[in-house]
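Report on the structure
Listed below, chain by chain, are the residues.
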Amino acid sequence: MTESLLIPQLIGFGTYALVLILLAGEAFSWDGNRQLYYLGDRALGLWSSIATFCATWMSGASVLGYTMLLYREGYRAFTGSVNGWLLGLLPLIFIVPRLRKSRVLSMPQWLAETYKDRRLRRLSALVLLLAYTLYLVIQFRVFGTVVAHLLEIRYVVASLMIYLFVIYTTFGGLPAVVRSDVLNLVVIVAGVTLAAVAVGISAGGPIALHQDLARTDPAALSTVAPHGTLATLAMMGGWALGVASNPQYAVRILSARTPRTAWLMLGLAPLILGWIYLCLTVIGLGGRHLLPFLPPMGQEMAFAQLTRSLLGPLPTVLLFLAVLAAAVSTANSQLLLAACAFCYDLKEKGRQQEAALREDHFLLGNSLAVAAIATVALGLSLLPLPTILDLGQHSWAAISLCFLLPLYCPRRWRRKGLLGALSIGFLCHGFLVFLMGLRPETALIPALIVESVWWRLRGARP
Amino acid sequence: MRRPSLEGSVKVAVSLVGLALIAALTGTALHVDYLDRITQEKKAIVEAAQLAGGLSSDEAVRLLSSQGRRWRILSPQEGEQGLLVQSADGASWKVAPDGSTLFADLIRRQRHLLVVALIGFLLAVEIAVFLSYALTRPLKRLAWACGEIAANRWVRLPLVEGPPYEFGLVEKTFNDMVDGLEKGRELERHMARVERLAALGQVIAGVSHEIRNPLAAIRVHLDLLTSSVDDEGKESLSLVERELDRLNGTVSQLLAFGRPPEPIWGELPVEELFHWCRRIIGPSLRQTRVTLEIRTEWNLTLQGDGGRLQEMLLNLTLNALAAMEPEGGILLWTARRDEHQIRIEVSDTGRGITPEEANRLFDPFFTTRPDGTGLGLPIVLRIVDMHGGSLDVRSEPGKTSFVVVLPAERSPSDDPSVDH
């Protein structure tokens, strides 16, 4: 790296860190309670809701992974992933009334109260705890790798930094997460926009870029995966189902001030997300066109190499900061949900103290759980685990198997025995993935079908 | 506008102090390093200038350029400062260290220092968060407890293990203060009750006396009338006589409350007291589903007026039985010696007493039962006071206990027969 890039990167990173620290706000509010901590007192306004929804949506892995997938595979990356993600947003609109009607604080609690089975709460909380810990590992890895490249420091030191960032912004619960998400979204949008403009100018504009690719690299414009349309659709469906059942988004629906706020959030967020994906598409395809040959290396390294080669100092720094902001914004949201699953759904004991003191004690326990879960994720991120994509797909599949059916099942279809159906779904998915060798997202749809059929046929009428 | 919180203030203060420290430390480290590098480069330029004096201009240029971008090579006419280097064939240049290149190089070499400084800063802010938590939570507990006491709920701060000495002391002092306040409040209530009772007693005694005299006259004339009426009249007179007896009994009870007779001091074994009372309430126990349990130590003897002590236990027991109707339950009498005191406890498994009822429990004529006179517990309290003892009530839903503590031995000064 040239010295000229290191100084702006250090300045940019330091400024981001300082603003984030000042924005995260109080960790232990005097009047704090669990509704404020988990759901922002169900009083988030429209712009806060949109900001936290979009910032949580854009993970470091998706910014970096999608750009590099586009670089390697062209438009088919869009068909397989972004299409699926955005399609998954549509069904969320339909569960707004269902979620807003209940006064729960967590999705496992919603599951248990809706289906009147406390075991469902334990099971789903356990799934969330494990899945989000794995997600955190992904974010830590992305952030660690990018910062290690950015500042030419050791990966462990860089991982330690995201660990501190994330636990700091999660200590204050959802209000702190939302405040940091506003900053993160601004950084993400600014970073990808500036980088896309720079790449677009180098490539002669998006239309010229498309035309050049059609001429010189027609394979980049193919929208179907080499394994065929079915595989592409399966991948797209897998991602869509993962998004539709992800409690991260359900929690944003619960925390919005009114159902109307939630609907508007779901209606306006795709505009911002669409813009971010458009910019990433320009960067990925522009990179493929302008710098077609990269030496074989991991995708984080390749991303760093690509952006440094394509962009000037300022867009490079801002794009790197966008990746970091995306990693932090997703990680703190997931960490909060994992802590909620652990402290509220799995561990909460009987009431022994006065209400005010008990609540305080409970919130302290949450903050300690936040630190503990983040520490476990940090430790795992240093181990040689599977690649980012694999971890993500396993987590998404587990969450979909747990929440999709109960969230979207029509009321008249409901049956008793959901726990049994979910267990069968997990068993079937495990069988298809670990014994039959299917990819987690491909195995998800058959496992969901088995789960639904089992529930429908074996479950007694309520 | 909400005033800043302690946590926010501590965080901002720590952030500013952290920033200042980091800026000072890293700034000093970088500055010193930078000056060292400049000095080194200047020394190297001087050595290069000496070497260049013996070289041709081409060789001198190659020598100077070999240092890369660390040196700036200027023409002698340029106004910037630098060391004049002259080759053997008379060509000359001004050479100076390139500050910006050296600085960039320095940053690159010292990047770990900067990153560690950032990590230290993050850690400091996170420690500040927990520090402010540790500082504010005892205050929050204290504020909560003060609020409860302001709302007339006598709470104590739950003592947690391992608070710093100062917070522990504040919490203990607070709890002691609440104990003192509660005792003071109880004393005030007791004094007010005693005053009320005294005034009421005088009124009751006067009125009862005025009623009793006409009652006695009515009784005498009723007896005279009995012999001069027929059988039908005798039946009516008998009814009048019974009602007169009842009225007389009530007046006697009022008089006993208003102007209690002098106590007759003596000894009363607790077994005898319990035995007497069990005989009295036996029929009631058989009619209800209440089980009586007795737990007492052997050879306990009370010092006092036996009749009054019997009245005391009977009143407490009748109250307990009434509290357990109609579901039944367990009535428990316990007696034990506690150093120089004897402790008698009457417990029931009834509905319990609300805090509002507890405050008025010993007020004369306060009753929650439609058939109650509201005199039972005031009489019990008077008897306990008369014996120099204390009476305590503990109640929660499903369990109420009246605890009477009486002196185990009477001092001579207590005995009214002793002439001082």
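Residues numbered from 1 in each chain as written. Chains lettered and ligands numbered in written order. Predicted model: local features only at pLDDT ≥ 70, side-chain atom pairs only at ≥ 80, totals over all residues. Heavy atoms only, no water.

This paragraph deals with the overall build of chain B. Summing up its helical and strand segments, chain B has 10 helices and 10 strands in all. Over its C-alpha trace chain B gives a radius of gyration of 48 Å, far above what one expects of a compact globule, namely 22 Å for 420 residues. In terms of principal-axis extent, the alpha carbons of chain B reach across some 170 × 50 × 50 Å. Here chain B holds 420 residues, and the buried ones make up 36% of them. Contacts in chain B between residues at least 24 apart in sequence constitute 69% of all its contacts with a sequence separation of at least 6. When the accessible surface of chain B is split by element, carbon and sulfur atoms take 58% of a total near 24500 Å². Distance between charge centroids for chain B: 7 Å, based on 47 positive and 57 negative side chains. (Helix = DSSP H or I, 4+ residues; strand = E, 2+ residues; numbered from the N terminus. Rg over C-alpha atoms; globule rule 2.2 N^0.38 Å. Buried < 20%, exposed > 50% of the residue type's maximum accessible area, 1.4 Å probe, protein only. Contact = heavy atoms within 4.5 Å. Areas by Shrake-Rupley, 256 points an atom, 1.4 Å probe, with all protein chains shown as cover. Lys, Arg positive; Asp, Glu negative; His and termini not counted. Charge placed at Lys NZ, Arg CZ, Asp CG, Glu CD.)

The next thing to look at is the domain arrangement of chain B. Split by domain assignment, chain B resolves into domain 1 (6–125), domain 2 (163–259) and domain 3 (265–411). A C-alpha centroid distance of 93 Å is found between domain 1 of chain B and domain 3 of chain B. (Domains from an automatic or database assignment.)

Attention shifts here to the environment of Gly372 of chain B. Residues and elements named next belong to chain B. Turning to its location among the elements, Gly372 is positioned in the loop between helix H9 (355–360) and helix H10 (376–386). Taking relative accessible area as the criterion, Gly372 reaches 21% and is therefore assigned partly exposed. Sequence separation between Gly372 and Asn319 is 53 residues, and the spatial gap between their C-alpha atoms is 9.6 Å.

This brings us to the sheet that holds strand E3 (residues 92–97) of chain B. Residues and elements named next belong to chain B. One open sheet holds the three strands; their spatial order is E1-E3-E2, and the pairing between them is antiparallel. For this open sheet the edge positions go to strand E1 (71–74) and strand E2 (83–86), each flanked by a neighbour on one side alone. Shown here is a sheet whose adjacent strand axes are inclined to one another by a mean of 35°, direction ignored. Inspection of the sheet shows E2 paired to E3 by four bridges, in the antiparallel sense. Bridging from a neighbouring strand, Leu84 pairs with Lys94 of E3. (Pairing = 2+ DSSP bridges. Axes fitted to C-alpha atoms, helices over the stretch in contact; angles between N-to-C directions.)

A word on the nonpolar core. Side chains that are nonpolar tend, in soluble globular proteins, to be buried together. Ranked by size, the top nonpolar core spans 168 residues in total, and within it Phe13, Phe53, Trp57, Phe143 and Met161 of chain A carry the most contacts. Looking at which element gives the most residues to this core, the answer is helix H16 (residues 313–346) of chain A, with 21 residues. Those residues in contact with Phe13 of chain A, other than ones at most four positions away along the chain, are Phe143, Val147, Leu151, Met161, Phe165, Leu321 and Leu324 of chain A together with Leu118 of chain B. In terms of nonpolar packing, the next biggest core, distinct from the first, is built from 42 residues, Leu268, Leu273, Ile281 and Val290 of chain B among them. (Core = buried A, V, L, I, M, F, W, Y, C linked by side-chain atoms within 4.5 Å.)

Evaluated as defined, the whole model comprises 22 salt bridges over all chains. The residue Asp181 of chain A makes a salt bridge to Arg252 of chain A at a minimum N-O spacing of 3.8 Å. Remark: Arg252 of chain A occurs in helix H13 (residues 247–255) and Asp181 of chain A occurs in helix H10 (residues 173–203); sequence separation between them is 71 residues. Between Arg37 of chain B and Glu41 of chain B there is a salt bridge whose closest N-O contact spans 3.7 Å. Within this pair, Arg37 of chain B and its partner Glu41 of chain B are both found in helix H1 (residues 6–52), separated by four residues, close to a single helical turn. Residue Arg37 of chain B shares its accessibility class with Glu41 of chain B, and that shared class is buried. (Salt bridge = Lys/Arg side-chain N within 4 Å of Asp/Glu carboxyl O.)

With that out of the way, let us pick up helix H5 (residues 76–92) of chain A. Residues and elements named next belong to chain A. In this model H5 runs 25 Å from its N-terminal to its C-terminal C-alpha over 17 residues, within 8% of the 24 Å that 1.5 Å per residue would give. A maximum bend of about 30° is found in H5 at Asn83. Within H5, the full set of buried residues consists of Arg76, Ala77, Thr79, Gly80, Ser81, Val82, Gly84, Trp85, Gly88, Leu89 and Leu92. (Expected span 1.5 Å × (residues − 1). Bend = angle between axes of the 7 residues up to and from the residue.)

Once that is clear, we can look at the sheet that holds strand E9 (residues 390–396) of chain B. Residue and element names in this part refer to chain B. Here we have five strands laid out as an open sheet, ordered E5-E7-E8-E10-E9, and mixed in their pairing. Each having just a single partner strand, strand E5 (290–296) and E9 make up the two edges of the open sheet. Between one strand and the next, the sheet's axes are offset by a mean angle of 15°, whatever the strand orientation. Two strands pair when backbone bridges link them, and E9 and strand E10 (residues 399–407) are joined in this way by seven bridges, in the antiparallel orientation.

Another point: helix H8 (residues 118–151) of chain A. Residues separated by three or four positions in an α-helix point in the same direction, a consequence of the helix having 3.6 residues per turn. Residue and element names in this part refer to chain A. Along its 34 residues, H8 runs 48 Å from first to last C-alpha, staying within 8% of the 50 Å computed at 1.5 Å per residue. Along H8, 27 of the 34 residues are buried, which leaves the element largely enclosed by surrounding structure. Among the residues of H8, the N-terminal cap falls to Asp117, whose side-chain oxygen and the backbone nitrogen of Arg119 are separated by 3.0 Å. In the stretch just after H8, Glu152 is the one whose phi turns positive, near 55°. (Polar contact = N/O pair within 3.5 Å; in protein donor to acceptor, adjacent residues only side chain to side chain.)

Low-pLDDT stretches of the model should not have their predicted coordinates read in fine detail. Residue-level pLDDT values for chain A average 85, and 93% of them are 70 or greater. Per-element averaging of pLDDT across chain A places helix H1 (residues 3–23) of chain A at the bottom with 78 and helix H3 (residues 46–57) of chain A at the top with 94. (pLDDT = per-residue confidence, 0-100.)

The subject of this paragraph is the interface of chain B and chain A. In this complex, chain B contributes 34 residues to the contact, which on the side of chain A involves 34 residues. Remark: the boundary between chain B and chain A carries zero salt bridges. In this structure, the connection of chain B to chain A is made through zero residue pairs in polar contact (both at pLDDT 80 or more). Within the residue set of the side of chain B that touches chain A, elements represented by two or more residues are H1, helix H3 (99–109) and helix H4 (111–150) of chain B. No other element matches the 21 residues that H4 of chain B contributes to the side of chain B that touches chain A.

What follows concerns empty space enclosed by the protein. All names here are of chain A. Summed over all chains, the structure comprises two cavities of 30 Å³ or more. In this model, the largest cavity occupies a volume close to 80 Å³. In this structure, the largest cavity is lined by Tyr38, Leu39, Leu105, Ser106, Leu174, Val177, Val251, Arg252, Ser333, Leu336, Leu337 and Cys340. Elements with a minimum of two residues in the lining of the largest cavity: helix H2 (34–39), H10, H13 and H16. The leading source of residues in the lining of the largest cavity is H16, at four residues. Here the lining of the largest cavity is built from residues that sort into nine nonpolar, two polar and one charged. Taken as a whole, the second largest cavity encloses approximately 50 Å³ of empty space. Secondary-structure elements contributing two or more residues to the lining of the second largest cavity are helix H12 (229–244), helix H18 (388–408) and helix H20 (440–458). (1 Å grid on protein atoms, 1.4 Å probe; cavity = no way out; pocket = protein on both sides within 12 Å on 5 of 7 lines; lining within 4 Å. Points joined across faces, edges and corners; volume = space filled by probe spheres on them. Nonpolar A, V, L, I, M, F, W, Y, C, P; charged D, E, K, R; others polar.)

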